[in-house]
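Structural overview
Each chain, letter by letter, is given below.
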Amino acid sequence: MKKSVVNIGIIGCGAIANQYHMPALKSLLDCNVVAVCDLIIERAERAADYFGISKEYAFTDAKDLLSIDEIQGVIILTPNYNHCELTELAASWKKHVFVTKPMGRTLEESNRMIKACENNNVQLFVSFMHRYLLGIEQTRQLIKENTIGKIEMVRILNAPGATSTVSKWFYDKENVGGGCIIDIGVHGIDLVQYLLGEIEEVTFADMGRFRDTIVTQGETVHPNNEDHAVAAYKTHSGVTVSHMISWHHWSNADRFSMEIFGEKGSIFLRDPMGLVNVCKVEPGKPASWISLELPYTKLGIDQHESFLEMIRTNGTAYPGGAEGLACIKVVRAIYKAIETKKAVKIDDLEEA
C-alpha cells in the first residue's frame with residue numbers, strides 16, 4: 001500500500017545535512033521537503049535547489065519555516081548550542097522534532113527539550129544514527145538469542161577522523177557541551193545502552209588533548225576541549241565496558257568498531273573481516289566463525305523513514321527524549337568522574 005507523504009522542514013544546511021540527512025530524505029518517496037533554513041542564505045538556497053523547491057522557501061529565520069502550516073515535522077541539524085532553543089521553538093509551533101545528537105549539552109537543556117515537546121503534544125526523535133547502521137539490528141538479535149551466552153565485557157571505539165573538515169565552533173567546550181566525549185562518544189554510549197542495557201556507573205574516565213592548534217577550513221584555532229578520552233562503564237546487568245573516543249584517530253571501521261565478549265563466544269562489529277563476525281566456542285570443538293551476510297540499505301534511509309512513520313501513524317519516538325537524556329546523563333557522569341577522579345553512579349547525578 002502506498003504510504004502517505006509527510007511534509008518536512010530542515011533547519012541547518014551544513015556539512016552533516018549535506019553528507020547524511022539530505023541524501024536520505026531525497027531518496028524517500030514519502031518525504032516532501034517543503035522548506036529549508038540556515039543562517040547562511042547561500043547554504044539554504046543550495047539546499048532548496050537540491051530538493052527542487054523555490055528559493056522563496058529558503059529562509060534564514062527558523063520562525064519563517066515553522067510558520068508554514070503544512071510542515072508536520074522538522075529536522076534540526078544545527079550546532080549543539082542551539083538544539084534546545086530550536087526544539088522549544090519548533091514544539092511551540094506544534095511541529096514534531098528530529099534533532100541531531102547530542103540532544104542537549106546539559107541535563108537542564110535536555111529536560112527542557114523533553115518538557116517542551118510533552119507540553120505541546122509533539123514527539124522528540126533523537127538522531128542516534130549508529131543504531132541504523134548495517135549489522136546493528138542483527139547483532140541485537142544475536143544477543144537476544146543468547147548466541148554467545150552471557151555478555152561479560154565490551155570494547156568500543158568511536159573515532160571519526162578528518163577533524164580538519166569541521167567548523168571551528170567544535171573546538172569550544174561551551175558551544176559543544178564538552179569535546180569529543182559529548183560529540184562522538186554519545187554514539188558508543190547509546191549503542192551500549194541499546195544493545196546491552198542501561199549503564200549504571202562510570203567506573204573510570206580520563207581525557208586530554210593531543211593537538212593544541214587546529215587548522216580548520218583555512219583558519220587556525222586553539223581548542224579548549226578534549227580531543228581524546230577513555231572511559232569504563234558497568235551496566236545494570238554487570239557487563240564491563242571500555243570505551244575509547246577520539247576526534248583524530250583514523251579508522252578503517254567506518255567511524256566505530258565494537259567487540260562483544262560472551263561466555264560462549266564473541267561478536268565483532270565492523271572490523272577488517274566484515275561488518276558482523278561471530279566466533280562460537282563449544283566444549284570439545286574447535287572455534288567456529290560466522291560472517292553474516294547483510295542486506296544493503298542506503299545510509300540514513302531506515303532512520304529517516306522511522307521518523308516519517310512516527311508522524312504518519314501518530315507513534316512514539318524511539319529513540320526519543322528518554323534515550324537522549326539517558327545518554328547525556330552518562331556523558332555528564334564521565335566529566336564528573338574525570339573532575340573528581342572517582343567512580344560516578346548515574347543515579348547519583350543531580351537532576352536539572
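Rules used in this analysis
- Residues numbered from 1 in each chain as written.
- Predicted model: local features only at pLDDT ≥ 70, side-chain atom pairs only at ≥ 80, totals over all residues.
- Heavy atoms only, no water.
- Pairing = 2+ DSSP bridges.
- Helix = DSSP H or I, 4+ residues; strand = E, 2+ residues; numbered from the N terminus.
- Contact = heavy atoms within 4.5 Å.
- Axes fitted to C-alpha atoms, helices over the stretch in contact; angles between N-to-C directions.
- Parallel < 35°, antiparallel > 145°, perpendicular 65-115°, else oblique.
- Nonpolar A, V, L, I, M, F, W, Y, C, P; charged D, E, K, R; others polar.
- Core = buried A, V, L, I, M, F, W, Y, C linked by side-chain atoms within 4.5 Å.
- Buried < 20%, exposed > 50% of the residue type's maximum accessible area, 1.4 Å probe, protein only.
- Phe/Tyr/Trp six-rings, centres within 6.5 Å; stacked < 30°, edge-to-face > 60°.
- Lys NZ or Arg CZ within 6 Å of the ring centre and 35° of its normal.
- Right-handed = clockwise from strand over helix to strand, strands pointing away.
- Polar contact = N/O pair within 3.5 Å; in protein donor to acceptor, adjacent residues only side chain to side chain.
- Expected span 1.5 Å × (residues − 1).

A look at the sheet that holds strand 7 (residues 151-158)
The sheet built from nine strands is open, its strands ordered 16-15-14-13-7-12-11-8-17 with mixed pairing. Looking at which strands have only one partner, the edges of the open sheet turn out to be strand 16 (288-291) and strand 17 (344-345). Relative to strand 16, strand 15 (residues 274-280) is paired through four bridges, and the arrangement is antiparallel. Paired with Lys280 across the two strands is Ser288, which belongs to strand 16. Lying over the sheet, helix 6 (residues 136-144) contacts strand 7, strand 13 (256-262), strand 14 (265-271) and strand 15, oriented at roughly 175° with respect to strand 14. Against the sheet, helix 9 (residues 185-196) makes contact with strand 7, strand 8 (199-208), strand 11 (228-235), strand 12 (240-246) and strand 13, and its axis sits at roughly 155° relative to strand 7, the strand it touches most.

Brief notes about the packing of helix 4 (residues 83-92) against helix 5 (residues 107-119)
Running from N to C, helix 4 and helix 5 cross one another at 10°; their axes reach a closest spacing of 9 Å. By the angle class used here, helix 4 and helix 5 are roughly parallel. Residue-level contacts link His83, Cys84, Thr87, Glu88 and Ala91 of helix 4 to Glu109, Arg112, Met113, Ala116 and Cys117 of helix 5. Looking at the contact of helix 4 with helix 5 residue by residue, the classes come out as five nonpolar, two polar and three charged.

Some details on the environment of Met129
Along the chain, Met129 turns up in the loop between strand 6 (124-127) and helix 6. Linking Met129 and His249, residues 120 residues apart in sequence, is a C-alpha distance of 20 Å.

Re the nonpolar core
Core analysis: the largest hydrophobic core is formed by 83 residues, its most contacted members being Ile260 and Ile334. In terms of residue count, helix 11 (residues 321-340) provides more of this core than any other element does, ten residues in total. Contact partners of Ile260, with chain neighbours within four places excluded, come to Thr139, Ile143, Ile148, Ile151, Met153, Val154, Leu195, Gly265, Ser266, Ile267 and Leu269. Membership of the second largest hydrophobic core comes to 27 residues, among which are Ile10, Cys31, Phe51 and Phe125.

Things to note about the packing of aromatic side chains
Overall, the coordinates contain eleven aromatic pairs when judged by the stated rule. Where Phe261 meets Phe268, the ring centres are 6.2 Å apart and the plane angle is 90°; that geometry is what we call edge-to-face. Among the aromatic residues, those joined into a cluster by ring pairs are Tyr81, Trp169, Phe170, Tyr171 and Trp247. Positioned above the aromatic ring of Tyr318 is the side chain of Arg131, whose terminal nitrogen or guanidinium carbon lies 4.9 Å from the ring centre.

Brief notes about the pairing of strand 4 (residues 73-76)
Burial along strand 4 is two-sided: Gly73 and Ile75 and Val74 and Ile76, pointing in opposite directions, are all buried. Judged from the four bridges that link them, strand 1 (residues 6-11) and strand 4 form a sheet pairing that is parallel. Across the sheet, residue Ile11 finds its bridge partner in strand 4, namely Ile76. Relative to strand 5 (residues 96-100), strand 4 is paired through four bridges, and the arrangement is parallel. Bridging from a neighbouring strand, Ile75 pairs with Phe98 of strand 5. With helix 4 bridging strand 4 and its parallel neighbour strand 5, the resulting β-α-β unit is right-handed.

Re the side chain of His83
Tracing the chain through its elements places His83 in helix 4. For His83, a relative accessible area of 0% puts it in the buried group. In this structure the side chain of His83 is engaged in a polar contact, spanning 2.8 Å, whose partner is the backbone oxygen of Pro102. Beyond its immediate sequence surroundings of up to four residues, His83 is in contact with Thr78, Val99, Thr100, Lys101, Pro102, Met103 and Met113.

Examining the sheet that holds strand 2 (residues 31-37)
Within the open sheet, the six strands sit side by side as 3-2-1-4-5-6. Their pairing is parallel. Taken across any chain shown, the strands that pair with only one partner, and hence form the sheet edges, are strand 3 (58-59) and strand 6. Here strand 5 runs beside strand 6; their pairing, made up of four bridges, is parallel. Residue pairing for strand 6: Val97 is matched across the bridge by Leu124.

Here we look at unusual backbone geometry
Omega for the peptide link from Lys101 to Pro102 comes to -15°, which places this bond in the cis form. Of note, Pro102 is situated in the loop between strand 5 and helix 5. Of the consecutive residues Tyr318 and Pro319, the connecting peptide bond is found in the cis state with omega at 0°. Secondary-structure assignment places Pro319 in the loop between helix 10 (301-313) and helix 11.

With respect to helix 5
With 13 residues, helix 5 should cover 18 Å at 1.5 Å per step; its first-to-last C-alpha distance of 18 Å lies within 8% of that length. Inspection of helix 5 places Leu107, Glu109, Ser110, Met113, Ile114, Ala116 and Cys117 among the buried residues, and these make up the whole buried set. After helix 5 finishes, the residue Asn121 shows a positive phi value of roughly 55°.

Details of the pairing of strand 15
Among the seven residues in strand 15, five count as buried, and that is most of the element. Two elements, strand 14 and strand 15, share six bridges in a ladder whose sense is antiparallel. Paired with Ile267 across the two strands is Val278, which belongs to strand 15. In textbook terms, the turn of a hairpin is the stretch between consecutive antiparallel strands, and for strand 14 and strand 15 this stretch comprises two residues.

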